[in-house]
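Chains, contacts and geometry: an overview
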Amino acid sequence: MNVIDTPVLDLKIIEPTVFGDERGFFLETFREQWFKEHVADVTFVQDNHSKSSRGILRGMHYQTQQTQGKLVHVVQGTVYDVAIDMRQSSSTFGQWFGIVLSAENKRQLWVPAGFAHGFYVTSDTAEFVYKCTDYYAPQFEQSVCWNDPQLEIDWPISPEDTVQLSAKDESGLLFKDAPYF
Ligand SMILES: Cc1cn([C@H]2C[C@H](O)[C@@H](COP(=O)(O)OP(=O)(O)O[C@H]3O[C@H](C)C(=O)[C@H](O)[C@H]3O)O2)c(=O)[nH]c1=O
C-alpha cells in the first residue's frame, strides 16, 4: 500500500499493492492497523455500494453533523471523483481535488470528515464502494452545486455529454451559501 499526498490538506490517494498471477489478481482493499498508522486514526462503521450509468453525477454531499470520513474506490468502470474542503480552519478551505478512480487503476481516495464529495461516471456503468466513519444521517445532509461558479470544478464533461442528477442534487447550494465546518 502506498499513500500519496494531494494538494488539499489531509486528502490522500492510496495505491494498494496488487498481486497478479495467471488466475487474475488479489489485493487488500483495507487493513485497519495500517490505515490508522499511515493515513488517519479513524474507525469505519458503514460500508456503501452504488451503481450508476454513464453521465450520472452523484454529489456534492456531506453531513453537517455525524460528519463522515470516506474511503472510496471503484470496483467496476471509471469515475471522476471530487472532494471539496469545507473546513474554514483549513489552509486549503474552498479548494477541490479531482482524480480518476477505476477498476483498472484500483486507486482509493481518503476523504476526511469536513469535505463535500461526489463523482461523475465516465464509463458505461460504474460500481462505487466506500467505507464511512459515521452512519448515514439524512437529516444532516447537505448538497453543494457540482457546477458552482466559485469552485469551478474541472469535470471531464464535454458540451455533448449528459449530466444526470438526483432531484436533491439539482437543487444543491452554492458554495458561498453552504454551511462550513
Ligand atoms: C448515502 C445513503 C443513502 N441511502 C439511501 C437513501 C436513498 O433512498 C438512496 C439513495 O440515496 P442518495 O441519493 O443520497 O445516494 P447518493 O446520491 O449516492 O449519495 C451519496 O453520494 C455521494 C457520492 C456521497 O459521497 C455520499 O456518500 C452520499 O450522499 O439510498 C442509505 O440508505 N444510506 C446511505 O448511506
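Residues numbered from 1 in each chain as written. Predicted model: local features only at pLDDT ≥ 70, side-chain atom pairs only at ≥ 80, totals over all residues. Heavy atoms only, no water.

1. Describing the overall build of the chain
The following threshold applies: Under the DSSP-based scheme used, a helix requires at least four consecutive residues in state H or I and a strand at least two consecutive residues in state E, with every element numbered from the N terminus. For this measure, only C-alpha atoms enter the radius of gyration; the expected value for a globule follows 2.2 Å times N^0.38, where N is the number of residues. For this analysis, residues touch if any pair of their heavy atoms sits within 4.5 Å. Each accessible area value is a Shrake-Rupley result obtained with a 1.4 Å probe; residue values ignore everything except the protein chains displayed when judging cover. All tallies of charge rest on Lys and Arg as positive and Asp and Glu as negative; His and the ends of each chain are not included. Note on charges: their place is set at NZ of Lys, CZ of Arg, CG of Asp or CD of Glu.
Scanning the chain for helices and strands turns up 2 helices and 13 strands. Since a compact globule built from 181 residues should have a radius of gyration of about 16 Å, the 16 Å found for the chain is in line with a globular shape. Overall, the chain is about 50 × 40 × 30 Å in size when its C-alpha atoms are taken along their principal axes. In the chain, 79% of the contacts between residues at least 6 apart in sequence involve partners at least 24 apart. For the chain, the exposed area adds up to about 9,200 Å²; of that, 47% sits on carbon and sulfur atoms. Between the centroid of the 14 positive side chains of the chain and the centroid of its 25 negative side chains there is a distance of 4 Å.

2. Side note on the nonpolar core
In plain terms, the rule: Each nonpolar core is a collection of buried residues, namely Ala, Val, Leu, Ile, Met, Phe, Trp, Tyr and Cys, held together in the definition by side-chain atoms within 4.5 Å. The buried label applies to any residue whose accessible area, calculated with a 1.4 Å probe on protein chains only, is under 20% of its type's maximum; exposed applies above 50%, and partly exposed to all values in between.
Counting 18 residues, the largest nonpolar core has Leu11, Val79, Phe97, Leu101, Leu109 and Phe128 as the members making the most contacts within it. Contacts of phenylalanine 97, omitting those with residues within four sequence positions, involve Thr6, Pro7, Val8, Leu11, Ile13, Asp81, Val82, Ala83 and Leu109.

3. Concerning the packing of aromatic side chains
Stated formally: Within 6.5 Å between ring centres, the rings of Phe, Tyr and Trp (the latter by its six-membered ring) count as paired, and their orientation is classed by plane angle as stacked under 30 degrees, edge-to-face over 60, tilted in between.
One pass over the full model with this rule turns up 12 aromatic pairs. Geometrically, the ring pair formed by phenylalanine 35 and tryptophan 110 is edge-to-face, given 5.3 Å between the ring centres and 85 degrees between the ring planes. You can see phenylalanine 35 sitting in helix 1 (residues 32–38) and its partner tryptophan 110 sitting in strand 10 (residues 108–111), a full 75 residues away along the chain. Each member of the pair, phenylalanine 35 together with tryptophan 110, is buried.

4. Remarks on the sheet that holds strand 11 (residues 115–121)
Let me state the cut-off plainly: We call two strands paired when DSSP finds no fewer than two bridges between them. Where helices are involved, their axes are fitted lines through C-alpha atoms of the stretch in contact, as for all axes, and angles between N-to-C directions lie from 0 to 180°.
Spatial strand order, 9-8-11-6-13: 5 strands in an open sheet with antiparallel pairing. Whereas interior strands pair on both sides, the edge strands pair on one side only; in this sheet they are strand 9 (96–102) and strand 13 (141–143). Across the sheet, the axes of successive neighbouring strands diverge by a mean angle of 25 degrees, strand direction being ignored. In the sheet, strand 6 (residues 57–63) pairs with strand 13 via 3 bridges, with the strands oriented antiparallel. Note on strand 13: the bridge partner recorded for glutamine 63 is glutamate 141.

5. Quick word on the site of the ligand
Heads up, the rule is: Here a residue counts as near a molecule or strand whenever at least one of its heavy atoms sits within 4 Å of it. Any pair of N or O atoms that falls within 3.5 Å is considered a polar contact. Within protein, one atom must be able to donate a hydrogen and the other to accept it, and sequence-neighbouring residues count only if both atoms are side-chain atoms. Cavity: a set of points on a 1 Å grid over the protein atoms alone where a 1.4 Å probe fits but cannot get out. Pocket: an open set with protein on both sides within 12 Å along at least five of seven lines, its lining residues, like those of a cavity, having an atom within 4 Å of a point. Just a note on the criterion: a molecule sits in a pocket or cavity if more than half of its atoms are within 2 Å of the grid points. Only Asp, Glu, Lys and Arg are considered charged in this grouping, and only Ala, Val, Leu, Ile, Met, Phe, Trp, Tyr, Cys and Pro are considered nonpolar; every other residue, Gly among them, is considered polar.
Taken together, Gln46, Asn48, Arg58, His61, Lys70, His117, Phe119, Tyr130, Tyr136, Glu141 and Lys168 form the complete shell of residues around the ligand. Here an oxygen atom of the ligand sits 2.7 Å away from a polar atom, N or O, in the side chain of histidine 61. Side-chain polar atom of glutamate 141 to an oxygen atom of the ligand: 3.0 Å apart, as the coordinates give it. Coverage of the ligand by the protein chains reaches 66% of its 650 Å² of free accessible surface. Taking a 2 Å distance to the grid points as the criterion, the majority of the atoms of the ligand fall inside the largest pocket. Of all the secondary-structure elements, those providing two or more residues to the shell around the ligand are strand 5 (46–53), strand 6 and strand 11. Grouping the constituent residues of the shell around the ligand by class yields 3 nonpolar, 4 polar and 4 charged.

Bear in mind that shape data such as this cannot, by itself, settle questions of function.
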